[in-house]
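Descriptive analysis of the structure
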Amino acid sequence: MKMVDLPDAHGHFGPYGGVFVSETLSQAIDELNAAYQRYRIDPDFIAEFRYELKHYVGRPSPVYHAKRWSKLIGGAQIYLKREDLNHTGAHKINNAVGQALLARRMGKRRVIAETGAGMHGVAAATVAARYDMQCVVYMGSEDIQRQSANVYRMKLLGATVVPVESGSKTLKDALNEAMRDWVTHVDDTFYILGTVAGPHPYPMMVRDFQSVIGEECLTQMPELAGRQPDAVIACVGGGSNAMGIFYPYIALDGVRLIGVEAAGEGIATGRHAASLCAGKPGVLHGNRTYLLQDTNGQILETHSVSAGLDYPGVGPEHAWLKDTGRAEYVSITDDEAIQAFHDLCRYEGIIPALESAHAVAYAVKLARELDADRILLVNLSGRGDKDMHTVARRSGLAL
Amino acid sequence: MAGDPEPALTVPLAHALVEAGADIVELGVPFSDPMADGPVNQRSAERALKHGVGLADVLGMVREFRATDGATPLVLMGYANPIEAMGVARFVTLAGAAGVDGLIVVDAPPEECVELVRLAAANGIDMIFLLAPTSTDARIREVARVASGYLYYVSLKGITGAGNIDIADVAAHLPKLRAASDLPIGVGFGIRDAESARRIGEFADAVVIGSRLIEVIEAAGPQRAVAELKAFLAPVRAALDSLSPQVRT
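Residues numbered from 1 in each chain as written. Chains lettered and ligands numbered in written order. Predicted model: local features only at pLDDT ≥ 70, side-chain atom pairs only at ≥ 80, totals over all residues. Heavy atoms only, no water.

**Thoughts on the overall build of chain A**
When helices and strands are tallied, chain A shows 16 helices and 14 strands. Here the C-alpha atoms of chain A give a radius of gyration of 19 Å, agreeing with the 21 Å that 2.2 N^0.38 yields for 399 residues. For chain A, the spread of C-alpha atoms along the three principal axes comes to 55 × 45 × 45 Å. The burial tally for chain A puts 65% of its 399 residues in the buried class. Just so you have it, chain A exposes about 13,800 Å², and 50% of that area is on carbon and sulfur atoms. (Helix = DSSP H or I, 4+ residues; strand = E, 2+ residues; numbered from the N terminus. Rg over C-alpha atoms; globule rule 2.2 N^0.38 Å. Buried < 20%, exposed > 50% of the residue type's maximum accessible area, 1.4 Å probe, protein only. Areas by Shrake-Rupley, 256 points an atom, 1.4 Å probe, with all protein chains shown as cover.)

Next comes the structure, spelled out in structure tokens:
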């Protein structure tokens, strides 16, 4: 089976992925899978999805050549895919629209979501308002403290935000709690999962909805740069923005795919979120993938300046791309990401999300090693408005 | 739950269950992300993890239990990742040697644990699978094909320790399971007292009580846990003896 044809019918990417859920969820998963298999090839569904992406999300998002900064760096040319310009400020909305349309066709009037930084929660609350659905968002109480502006945005949009007090009180625990809600309200509820993780069909479905990012780049890069890039670079937490831009490029052998994980305070300190760079395979949240875990198989707490990368697992397709060597995975520390954040603000007038700043930071490192005729395409997955408090605090300021 | 409230109490509590009339002891293996469990079992796992209790420690507790009780069947219940971390082959060998009789891996449905089922059988360990009100006929047949020991019927849509169960609904579902399998059927999730146990016991082969026992232990505190547990379970045993099936916990 060719890599782009994965997963197989049971959701496996090589040894990764699958459906590791309790029996109480298996019927809901079967129902979701059947619905998605039907509608992913349904012309009306595809047409409505495309229409919404164009007129509601604002697609296609532009690709921008960061000429000034590329010149200052003195190496390869850096191009930015501007997902930060989407409605709600990040790539998350692409997937939320797709899943909401599917929920409507399945007759589900209640949607639930997990969120870390709040961007996926805002996207889910947005589409719930747009399509007249009840929305409940689970969010770790630690993250609620860190991202109060996004909590308020979700409430403005009519969603109920439920604080999660269990475990580490962050994204992974919010995901556990959303799964528990789904098991309990399986008849009327659709779970809008925000990343390419979870049980099959989520990793495939979220990738498919996000792959509009890479598909647009396939057309835009030749128009703007005269050819496809030498490397495509994206940050990886759960990995949805990276899968979205990587997937259409998997078949293009000459294009390097580089995923950038959060090294936090440094891999050696143990305070990071780099599951592919420093974890080992295991089973969490319905799939087999690389995990940050202790020797007893307990899941570890993660650390990153960006809440959106603060996740101890990663989508199973990334695990397979790593093992097969088709994609490379590297890491960037909090300090490096913050530096890239400031540089992009000052040299290009673009305020990136701290998540995206990890990808930008690695692009700068790589660009310095390459000639000026090389081309790097970076997925600028979100904007940094939500990160003002975090960045200010690190600069010793209070807003 | 192994290690809750304290690792040293797990074996005495298991013996107390048997003394109070449990026919099978089900021992929870703590996991950091118990997706199918309600708040009671989550708190219990968190307390156990604070004591650093891992799967190897749980197997040590099983060996200790077996030193004085060679007869009562003992089932481990937990999630896939601690087993994966230990290695499936190593785990099954150690578990068989320790005296584990059965295994419930909540998040490993039959199609994801072919290797575990094969190795468990080779080591004399039964693989017990969950079935739910939402299970399709195809799923019931698939579980019946690979399961051994008994079938575990989850009595409601939801997580462990949830509210009241619909006894009529349980009664309506069991014939489908009986048609698919000759294995005994245990019913769990939501059985909270002697009365609900007796009513489920009228048509199930066993009733499973989990979260409620943890609540009893939690409320009693370490000093009084053994006594309170026995006091809770005795009337449940009596209620079931009026029907004469089994109870396990």
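More follows now that the structure is in view.
**A short note on the sheet that holds strand S7 (residues 160-164) of chain A**
Residues and elements named next belong to chain A. Sheet architecture is open: 4 strands sit in the order S7-S6-S5-S8, paired in parallel fashion. The open sheet has two edge strands, S7 and strand S8 (189-191), and neither has a second partner. Direction aside, neighbouring strands of the sheet carry axes that sit 25 degrees apart on average. (Pairing = 2+ DSSP bridges. Axes fitted to C-alpha atoms, helices over the stretch in contact; angles between N-to-C directions.)

**Re the interface of chain B and chain A**
Contacts between the two partners involve 37 residues from chain B and, on the opposite side, 35 residues from chain A. Of the roughly 2,900 Å² buried between chain B and chain A, counting both surfaces, carbon and sulfur atoms make up 49%. When the buried surface of chain B facing chain A is broken down by residue, Asp-33, Met-35 and Glu-112 of chain B rank first, second and third, together holding 24% of it. Where chain B meets chain A, there are 3 salt bridges. Residues Arg-288 of chain A and Glu-84 of chain B are paired through a salt bridge, measuring 2.4 Å at the closest nitrogen-oxygen approach. Of all the elements in the fold, those that place two or more residues in the side of chain B that touches chain A are helix H2 (39-50), helix H4 (80-86) and strand S5 (130-131) of chain B. (Contact = heavy atoms within 4.5 Å. Buried area = accessible area lost by both parts, 1.4 Å probe. Salt bridge = Lys/Arg side-chain N within 4 Å of Asp/Glu carboxyl O.)

**Thoughts on the packing of aromatic side chains**
Any pair of aromatic rings gets described here by the distance separating the centres and the angle formed by the planes. All names here are of chain A. Under the counting rule described, the total for this entry stands at 11 aromatic pairs over all chains. Ring centres 5.7 Å apart and planes at 70 degrees place the aromatic pair Tyr-36 and Phe-209 in the edge-to-face group. Here Tyr-36, found in helix H1 (residues 23-39), pairs with Phe-209, found in helix H9 (residues 202-210); they are 173 residues apart in sequence, far enough to count as distant. Take Tyr-36: its relative accessible area is 2%, and that puts it in the buried class. Exposure remark for Phe-209: the relative accessible area of 3% places this residue in the buried category. Between the aromatic rings of Trp-182 and Tyr-202, the centroid separation amounts to 6.1 Å while the plane-to-plane angle is 70 degrees, which identifies the pairing as edge-to-face. Of this pair, Trp-182 sits in helix H8 (residues 171-184) while Tyr-202 is found in helix H9, placing the two residues 20 residues apart along the sequence. Judged on exposure class, the residue Trp-182 and its partner Tyr-202 are both buried. (Phe/Tyr/Trp six-rings, centres within 6.5 Å; stacked < 30°, edge-to-face > 60°.)

**Quick notes on the sheet that holds strand S13 (residues 327-333) of chain A**
Residues and elements named next belong to chain A. Read from one edge of the open sheet, 6 strands run S3-S4-S14-S9-S10-S13, paired in mixed fashion. The open sheet terminates on both sides in strands that have one partner only, identified here as strand S3 (63-65) and S13. With strand direction ignored, the average angle separating the axes of adjacent strands in the sheet is 25 degrees. Where S3 and strand S4 (residues 77-82) come together, 3 bridges link them in antiparallel fashion. The partner of Tyr-64 across the bridge, within S4, is Leu-80. Those strands touched by helix H15 (residues 354-369) are S4, strand S9 (231-235), strand S10 (256-264), S13 and strand S14 (375-380), and its axis lies near 170 degrees from that of S14.

**Points about the pattern of salt bridges**
Evaluation of the coordinates by the stated rule reveals 48 salt bridges over all chains. For Arg-383 of chain A, the salt bridge is made with Asp-385 of chain A, and the minimal N-O distance between the two is 3.9 Å. Since its relative accessible area comes to 52%, Asp-385 of chain A is described here as exposed. With its nearest N and O atoms 3.2 Å apart, the salt bridge here joins Arg-139 of chain B to Glu-111 of chain B. Separated by 28 residues along the polypeptide, Arg-139 of chain B in helix H7 (residues 137-146) and Glu-111 of chain B in the loop between strand S3 (102-105) and helix H6 (114-122) bring together distant segments of the chain. Within this structure, Arg-40, Arg-207, Asp-208 and Glu-317 of chain A form a network of salt bridges that share partners.

**Topic: the side chain of Asn-95 of chain A**
For Asn-95 of chain A, the location among the structural elements is in helix H4 (residues 92-105). Every residue in contact with Asn-95 of chain A, bar those within four places of it in the chain, is listed here: His-120, Leu-193, Gly-194, Val-206, Phe-209 and Gln-210 of chain A.

**Thoughts on the packing of helix H5 (residues 88-98) of chain B against H6 of chain B**
Residues and elements named next belong to chain B. Look at H5 against H6: their axes get within 9 Å of each other, and the N-to-C directions meet at 30 degrees. In terms of axis orientation, H5 runs roughly parallel to H6. Read as a crossing pair, H5 and H6 show a hand that is right-handed. The segment H5 lies against H6, with Val-88, Ala-89 and Val-92 engaging Glu-115, Leu-116, Leu-119 and Ala-120. Grouping the amino acids of the contact of H5 with H6 by side-chain chemistry returns 6 nonpolar, no polar and 1 charged. (Parallel < 35°, antiparallel > 145°, perpendicular 65-115°, else oblique. Left-handed = near helix turned anticlockwise from the far one by under 90°. Nonpolar A, V, L, I, M, F, W, Y, C, P; charged D, E, K, R; others polar.)

**A look at the environment of Asn-296 of chain A**
In this fold, Asn-296 of chain A is placed in the loop between strand S12 (287-291) and helix H13 (316-324). Separated by 36 residues in sequence, Asn-296 of chain A and Ile-332 of chain A place their C-alpha atoms 27 Å apart. Excluding residues that lie within four positions of it along the chain, Asn-296 of chain A makes contacts with Gly-52, Gly-54, Leu-55, Pro-82 and Ala-85 of chain B.

**A closer look at the side chain of Asn-86 of chain A**
All names here are of chain A. Of note, Asn-86 is situated in the loop between S4 and H4. The class for Asn-86 is buried, based on a relative accessible area of 2%. Not counting the four nearest positions on each side in its chain, Asn-86 is found in contact with Val-57, Arg-59, Ser-61, His-91, Ile-93, Asn-94 and Arg-383.

**Section: the confidence of the model for chain B**
In this model, chain B carries a mean pLDDT of 93, and residues with pLDDT of at least 70 account for 96%. Overall fold confidence for the complex sits at a pTM of 0.96, while the interface term, ipTM, reaches 0.93. (pLDDT = per-residue confidence, 0-100.)

**As for the packing of H9 of chain A against helix H10 (residues 212-225) of chain A**
Running from N to C, H9 of chain A and H10 of chain A cross one another at 35 degrees; their axes reach a closest spacing of 5 Å. On the side of H9 of chain A, the interface is formed by Asp-208, Phe-209 and Gln-210 of chain A, while H10 of chain A contributes Val-212, Ile-213 and Gly-214 of chain A.

**Description of the confidence of the model for chain A**
Looking at chain A, pLDDT values average 96 and 100% of them are 70 or higher. Per-element confidence in chain A ranges from a low mean pLDDT of 88 for helix H6 (residues 141-146) of chain A to a high of 99 for S9 of chain A.

**Points about the nonpolar core**
Judged by nonpolar contacts, the single largest core of 181 residues is most densely connected at Leu-102, Trp-182 and Phe-246 of chain A together with Leu-76 and Phe-91 of chain B. Of all the elements, helix H10 (residues 211-241) of chain B adds the most residues to this core, at 9 residues. Among residues more than four places away in sequence, those in contact with Trp-182 of chain A are Leu-25, Ala-28, Ile-29, Leu-32, Ile-112, Thr-189, Tyr-191 and Tyr-202 of chain A. In terms of nonpolar packing, the next biggest core, distinct from the first, is built from 37 residues, Val-260, Val-305, Val-364 and Leu-366 of chain A among them. (Core = buried A, V, L, I, M, F, W, Y, C linked by side-chain atoms within 4.5 Å.)

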